[in-house]
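Geometric and topological summary
Listed below are the residues making up each chain.
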Amino acid sequence: MTRIRRLGGAAAFAFTMLLAGTGCAVIPVGGPFPVDDAGSGDSVTVPFQRMLAVAPQPDWGPQQVVEGLLAAMAAYDDDPSVLPKYLTEEARRVWKPDGAITVIDNSFRFGELVENKEKNETVLSIQGNKIAQINEDDTYVPVGSSDDPKINRPITLVKDANGAFKVNGLQQGLLLTDADVRRAYRPTNLYYLNGSSGADPQPDRLVVDRLRLRVDPDKSFAQTIVERLAEGPTSGLQGAVGNEFPEGARVRWIRSSEDRVVINMGGPFNPLDTYTQGLQAQLRASLSSNNLANGRTLEVLLDGEQFFSSGPLTVPANLPESWLGSEDKQVFYSSGGAVFVLGSDGEGHPVTGPAGQPSQGYTGFAVSKDRDRIAARSAAGGIWVTRHSPDGRWQESIPGADLTDPSWHRDGSLWTFDRQNGEVIRSHPVVGRGPERVAAPALQGLNVTSLRMARNGVRVAVEIGDNRVQVGALTGGGGNAMLSNFETLTTVSGGDEIVDIAWSDGGHLLVLVQTKAGQVVKEINVGDGETTQLPTTSKRLERLAALGDAILATTEDSNEILEYSRDKQTWTPKPATAVDQPIFALG
């Protein structure tokens, strides 16, 4: 019989290192199933360092008290009892830890002490650079490149009846250093569905939701993940994704053995109405992508009993690749107003039908999910579509004098932004419906120059002018569809220009930027802004296309396709020449 262990808090303290003068102790803590150095991912918890704050001492000076206050803030979620001891009665009444957490750099400093003898106050300021904030929904929002990161937070201290310094005034909310966040929080991917169960068609892709989760010393990190997953998505995906965890779902416990992980859920589940495949995919991806419970079957119980009356709900050790997007990686490109398919021999072959015939009238080509239709923007106006077949013909799908390049949605709809009227437009060429306006209040009055739907059909990226990129989501459905939840992803200034954008997957956007010093290609995680800058090439890039690990670009001078190798971190030319634009289906 396999023995199952209850996963609780830390088994033991390995050692304690007192940080002199800062009012805290840092204790490395490991769970009962520690992750090994190789990161095998077969654990359900993670090692971390727990911050233990200590109460202020009567002989501490102002700076020591403020240092201790910061340590108490870092430890607040684990032990909220220490921080109030640093505050006067008035400050305890006024100050609240709620709201966004401000994250500052580790090289912050203290300003000079300012004494106000009339008020018997001493003011010490914390000075540094804000690098991010963690919102109440656990999203990590880095400071934008155009924002002023400088921060100056005055802390007002007074002496109590015993002559000890206490904090009498401070700004609301917690203030943590980057080191505090790295110690106590983990970048975490949660996964939701690209639609609601019962919809037609059923959800077929997972949508990643990137956030920062705090490690709870009293439970396994796997339990923290499943609990947060059940709460629903962050603000960027609100109303845009499906979740097979009903409101009120909770985790009773998680137990682990060598070959399986048992998750006991509670709450208003209705097994008969549950989209089982979606629930399985959400659990498997949310644990495995965070390197937890890899290689082990998951078994889901409901209130300690089998999930279904007829048997258990089990989740295989491996997630089907289709959920994360095993999209068609066929490379297309345009040249001289025609679309070519890049063959295995490295040569280009015209696609079948009108799109494969040279024409100076069409640009901005886009290929649909099933490769059966090709859309383009006409120089004479409008978005036109043709079938990828010998008997296909160009037909206008969206009229307009000033439209952005078309972008296909995975449901077969076609999207563009009408710059003349300031509206988002979509049509449904497959069924001959449309065009129709789609509400996008956040884009009103903006100079939208590009609109790109992500391949999972949920997120959308827009380029504003040539200096800003925003990312939002498609919310609602049918006639209630809306593009909303927009947030700025990146901006440039000082003469720099954004040249092109392209989705690599549902969670990462490529941004090509022209700077005074040259060009850079950034791969940005749309969930937390984490940015990887790809190595540059001596050739000037003009257009991007990407699909997963495959990244292509065309050059401005020699009109060739360059392919980026992640392993070698180099750009290599493909045989095709005279190329205007690289193309993958969707994206």
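Let us now look at the overall build of the protein chain. Along its length, the protein chain carries 5 helices and 44 strands. Relative to the globule expectation of 25 Å for 587 residues, the C-alpha radius of gyration of the protein chain, 27 Å, shows essentially globular dimensions. With the principal axes as the frame, the protein chain shows a C-alpha extent of 90 × 65 × 45 Å. Residues classed as buried in the protein chain amount to 52% of the 587 residues present. Counted over contacts in the protein chain with a minimum sequence separation of 6, partners at least 24 positions apart contribute 54%. Charge separation in the protein chain, taken as the distance between the mean sites of 55 positive and 72 negative side-chain charges, equals 2 Å.

With that out of the way, let us pick up the confidence of the model for the protein chain. Mean pLDDT over the protein chain works out to 90, with 92% of the residues at or above the 70 mark. A low-confidence stretch, residues 1-22 stays under pLDDT 50, and its non-local contacts, those more than four residues away or across chains, total 55 contacts. With pLDDT under 50 throughout, residues 27-42 is counted as low confidence; its partners more than four residues away or in other chains account for 44 contacts.

On to the layout of surface pockets. Approximately 1100 Å³ is the volume found for the largest pocket. Around the largest pocket, the lining comprises 42 residues; the ones closest to its centre are Tyr 140, Val 141, Pro 142, Asp 528 and Gly 529. Here the lining of the largest pocket gets 6 residues from one element, more than from any other, and that element is strand β35 (residues 482-491). Across the lining of the largest pocket, the residue classes tally to 14 nonpolar, 16 polar and 12 charged.

So, about the environment of Asn 525. As for its placement among the helices and strands, Asn 525 is situated in strand β38 (residues 518-525). Each C-alpha atom of the pair Asn 525 and Leu 342 lies 29 Å from the other, and the pair is 183 residues apart in sequence. Setting aside residues up to four positions removed in sequence, Asn 525 forms contacts with Arg 210, Leu 489, Gly 507, His 508 and Glu 530. Within polar-contact distance, the side chain of Asn 525 engages the backbone nitrogen of Gly 527 at 2.8 Å.

The end-to-end C-alpha distance of helix α1 (residues 62-74), which contains 13 residues, comes to 19 Å, matching closely the 18 Å that a straight helix rising 1.5 Å per residue would cover. For α1, the tally of buried residues reaches 10 of 13 residues, placing the bulk of the element in the interior. The complete set of buried residues in α1 reads Pro 62, Val 65, Val 66, Gly 68, Leu 69, Leu 70, Ala 71, Ala 72, Met 73 and Ala 74.

The subject of this paragraph is the packing of aromatic side chains. Summed over the entire model, instances satisfying the criterion amount to 10 aromatic pairs. Aromatic side chains Phe 108 and Phe 110 sit 5.6 Å apart centroid to centroid with 85° between the ring planes, which places their arrangement in the edge-to-face category. Assessed through its relative accessible area of 17%, Phe 110 is described here as buried. For the pair Phe 269 and Phe 307, a centre-to-centre distance of 5.7 Å together with 75° between the ring planes defines the contact as edge-to-face. Here Phe 269, found in the loop between β17 (260-266) and α5 (276-288), pairs with Phe 307, found in the loop between β19 (305-306) and β20 (313-315); they are 38 residues apart in sequence, far enough to count as distant. Each member of the pair, Phe 269 as well as Phe 307, is classed as buried. Through successive ring pairs, a cluster of aromatic residues spans Phe 245, Phe 269, Phe 307 and Phe 308. The cationic tip of Arg 212 hangs over the ring face of Tyr 140; the distance from NZ or CZ to the ring centre is 4.1 Å. Directly above the ring of Trp 253 sits Arg 255, whose terminal nitrogen or CZ lies 3.8 Å from the centroid.

A few words on the sheet that holds strand β21 (residues 332-335). With antiparallel pairing, the 4 strands of this open sheet are ordered in space as β23-β22-β21-β44. Of all the strands in the sheet, the pair left with one neighbour each is β23 (348-350) and β44 (581-583). Each strand of the sheet is rotated relative to its neighbour by a mean of 35°, with strand direction disregarded. With 4 bridges joining them, β21 and strand β22 (residues 338-342) adopt antiparallel strand pairing. Residue pairing across strands places Ser 335 opposite Ala 338, the latter belonging to β22.

This brings us to the pattern of salt bridges. Summed over all chains, the structure comprises 28 salt bridges. Among the salt bridges present, the one from Arg 93 reaches Glu 90, with a minimum N-O distance of 2.8 Å. Highlighted residues: Arg 93 and Glu 90, both in helix α2 (residues 89-94), separated by 3 residues, approximately one helical turn. For Glu 90, a relative accessible area of 40% translates into the label partly exposed. Measuring nitrogen to oxygen at the nearest pair gives 3.4 Å for the salt bridge that ties Asp 402 to Arg 419. Remark: Arg 419 occurs in the loop between β29 (414-418) and β30 (423-428) and Asp 402 occurs in the loop between β27 (395-398) and β28 (407-408); sequence separation between them is 17 residues.

Criteria and cut-off values
Counting restarts for each chain: residues are numbered from 1 in the order of the written sequence. Selection of residues for local features in this predicted model requires a pLDDT of at least 70, selection of side-chain atom pairs for listing and counting requires 80 or more, and totals for whole chains, interfaces and linings are taken over all residues. With hydrogens and water excluded, all non-hydrogen atoms of the structure serve as input to the side-chain values. The numbering of helices and of strands both runs from the N terminus, where a helix is a DSSP run of H or I of at least 4 residues and a strand a run of E of at least 2. Values of the radius of gyration come from C-alpha atoms, whereas the globule rule sets the reference at 2.2 Å times the count of residues to the power 0.38. Type-normalised accessible area, obtained with a 1.4 Å probe on protein chains alone, sets the label of each residue: buried when under 20%, exposed when over 50%, and partly exposed for intermediate values. The contact criterion used is simple: two residues touch if any of their non-hydrogen atoms lie within 4.5 Å. The charge count treats Lys and Arg as positive and Asp and Glu as negative. His and the chain ends do not count. Here the site of a charge means NZ on Lys, CZ on Arg, CG on Asp, or CD on Glu. Every residue is assigned a pLDDT by the predictor, reflecting its confidence on a scale from 0 to 100. Buriedness for pockets is judged along seven lines, at least five of which must meet protein on both sides within 12 Å for an open set on the 1 Å grid over protein atoms alone, while cavities are sets there where a 1.4 Å probe fits but cannot get out, and lining residues have an atom within 4 Å of a point. Grid points are joined across faces, edges and corners, and a volume is the space filled by probe spheres set on the points. Under the scheme applied here, ten amino acids are nonpolar (Ala, Val, Leu, Ile, Met, Phe, Trp, Tyr, Cys and Pro), four are charged (Asp, Glu, Lys and Arg), and all others, including Gly, are polar. Side-chain atoms alone can form a polar contact between residues adjacent in sequence; in general such a contact is a pair of N or O atoms within 3.5 Å, and within protein one must be able to donate a hydrogen while the other accepts it. Take the residue count of a helix, subtract one, and multiply by 1.5 Å to get its expected span. Stacked, edge-to-face and tilted are the three classes for Phe, Tyr and Trp ring pairs, Trp counted by its six-membered ring, which pair at centre distances within 6.5 Å; planes under 30 degrees apart are stacked, over 60 edge-to-face, the rest tilted. Lysine and arginine charges are scored as sitting over a ring when NZ or CZ, respectively, is within 6 Å of the ring centre and within 35 degrees of the ring normal. Any two strands between which DSSP finds at least two bridges are classified as paired. Axis definition: a line fit to C-alpha positions, over the contact stretch in the case of helices; interaxial angles, taken between N-to-C directions, run 0 to 180 degrees. The salt bridge definition used is simple: a Lys or Arg side-chain nitrogen within 4 Å of an Asp or Glu carboxyl oxygen.

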